[in-house]
Amino acid sequence: MGKGRDNVLYEVRLNIGSRGIGVGEILEGFLISLGVRPEDIVESTQKTKPCLAVYFKSYRASKSLARRLMRLKLKYVAVKIRRLLKKDWLNASEIRFKPFSLTRSLRVVPSWLKGRYRPPQRQHPLYINTSMAFGSGLHETTRFMAALIERCRGRFESFFDIGTGTGILSLVALCCGARKVRAIDFNPDCIKVARDNFRINSYKARGLAAGDIHHYPEKRQYDFVAANLVTHNLVKAGRTLVCRVKPGQYLAVSGVSLENFRHFRESFRKYPLRCLKVIKGKEWAAFLFKKNDSARIRGR
Ligand SMILES: C[S@@+](CC[C@H](N)C(=O)[O-])C[C@H]1O[C@@H](n2cnc3c(N)ncnc32)[C@H](O)[C@@H]1O
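Residues numbered from 1 in each chain as written. Predicted model: local features only at pLDDT ≥ 70, side-chain atom pairs only at ≥ 80, totals over all residues. Heavy atoms only, no water.

**Things to note about the sheet that holds strand 12 (residues 245-257)**
Taken in spatial order, the seven strands of this open sheet run 10-9-8-11-12-14-13, and their pairing is mixed. A strand with exactly one partner marks an edge of an open sheet, and here the two such strands are strand 10 (208-210) and strand 13 (273-280). Neighbour-to-neighbour, the strand axes of this sheet turn through a mean angle of 15°, independent of strand direction. Looking at chain direction, strand 11 (residues 222-228) and strand 12 are connected through six bridges and run parallel. (Pairing = 2+ DSSP bridges. Helix = DSSP H or I, 4+ residues; strand = E, 2+ residues; numbered from the N terminus. Axes fitted to C-alpha atoms, helices over the stretch in contact; angles between N-to-C directions.)

Quick look at the structure:
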């Protein structure tokens, strides 16, 4: 295959109308019967309407599948082929993932595989739908956070997840002993996806709300505060993050780029925190802090 063709992918997309309840399941079954592997079917939501997609390197293969689907003359389903350039399909591949180990005890399983996939006995499944939100668990910054939360397993009850995305870190926390979870994201679409993920994993989605940490009105404190945000936002919201942690309890942050590592560390030195662990990867770093027992900090 030539170099140019390697940069191209063809997407067969099935947009299901709002009246097509249950059609997605039938279509998935049909695709599988045609030889498409379940893990190659991408489920997502476009403006609240469900859609399925399958990706091919060859236009002929995509055309052949699209034709077979069109012959079904399904009501409420539109079949489309899209030519994607590498920059576009890299985004698509982020949600095109297979089950994988997130931590020692947790395995991320794409939500559409629920009921069809059995994880290894020693691992608990976290069913995640990543459509329209960051947080499949594949990104280094999320993996670091999951590891830090698991490290504190059983030592916290209340958990505050700032920039929840798919809700993945809250789900990790619930699996590690959290009883009360508060999760915010300034993107309301993320909150919808996170709510779905709570439900798929049989948790009540009570504490989820759209909100911006830079204008966050609540004064409650938590046993564990988690924030996977870019360095600039972590630094800007530093005081708020620290204030939301109960004395003697935990703060984990991720999303610190290695080039901003020193700047971040310097800017957090002024807070009453003890650093328990630093994880450095190829591009990012994460920190686990413990707030001093008798810490009093003025601010938001
Ligand atoms: C890097 S993603 C982390 C998602 C998930 N928590 C994870 O660890 O995979 C950052 C998330 O924070 C949200 N976010 C960014 N700035 C925010 C802010 N000021 N307040 C609340 N959420 C914010 C974004 O919408 C995005 O979903």
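**Here's the deal with the pattern of salt bridges**
By the definition in use, this model includes nine salt bridges. For the salt bridge of Lys-192 with Asp-189, the shortest nitrogen-to-oxygen distance reads 3.7 Å. Highlighted residues: Lys-192 and Asp-189, both in helix 7 (residues 188-200), separated by three residues, approximately one helical turn. You can call Lys-192 partly exposed: its relative accessible area is 45%. (Salt bridge = Lys/Arg side-chain N within 4 Å of Asp/Glu carboxyl O. Buried < 20%, exposed > 50% of the residue type's maximum accessible area, 1.4 Å probe, protein only.)

**Some points on the sheet that holds strand 6 (residues 106-110)**
With respect to topology, three strands assemble into an open sheet ordered 5-6-7, the strand pairing being mixed. The strands lining the two open edges of the sheet, one partner per strand, are strand 5 (100-101) and strand 7 (124-128). Across the sheet, helix 6 (residues 168-175) lies against strand 6 and strand 7, angled at about 155° from strand 7, the strand it touches most. (Contact = heavy atoms within 4.5 Å.)

**Overview of the side chain of Ser-62**
Take Ser-62: it is sitting in helix 3 (residues 59-71). The contacts of Ser-62, once residues within four sequence positions are left out, are Tyr-10, Val-12, Phe-56 and Ile-81.

**A few points about the pairing of strand 1 (residues 8-16)**
Most of strand 1 sits inside the fold, with eight of its nine residues counted as buried. As paired strands, strand 1 and strand 3 (residues 49-56) are joined by six bridges and run antiparallel to one another. Note that in strand 3 the partner of Tyr-10 across the bridge is Phe-56.

**Topic: a positive patch on the surface**
Taken together, the side chains of Lys-63, Arg-67, Arg-68 and Arg-71 present a region of like positive charge at the surface. When you line up the elements, Arg-68 lands in helix 3. Residue Arg-68 is classed as partly exposed on the basis of its relative accessible area, which comes to 40%. (Patch = residues over 30% accessible without salt bridge, like charges linked within 9 Å, V, L, I, M, F, W, Y side chains within 5 Å. Areas by Shrake-Rupley, 256 points an atom, 1.4 Å probe, with all protein chains shown as cover. Lys, Arg positive; Asp, Glu negative; His and termini not counted. Charge placed at Lys NZ, Arg CZ, Asp CG, Glu CD.)

**A look at the site of the ligand**
Taken together, 18 residues surround the ligand, and among them Thr-142, Gly-163, Asp-185, Asp-212 and Asn-228 come closest. Within the backbone of Gly-163, an N or O atom sits 2.8 Å from a nitrogen atom of the ligand. Between Asp-212 and the ligand, the recorded distance is 2.9 Å, taken from a side-chain N or O atom to a nitrogen atom. In the complex, 89% of the free accessible area of the ligand, which totals 600 Å², lies under the protein chains. Broken down by class, the residue content of the shell around the ligand amounts to seven nonpolar, nine polar and two charged. (Near = heavy atom within 4 Å. Polar contact = N/O pair within 3.5 Å; in protein donor to acceptor, adjacent residues only side chain to side chain. Nonpolar A, V, L, I, M, F, W, Y, C, P; charged D, E, K, R; others polar.)

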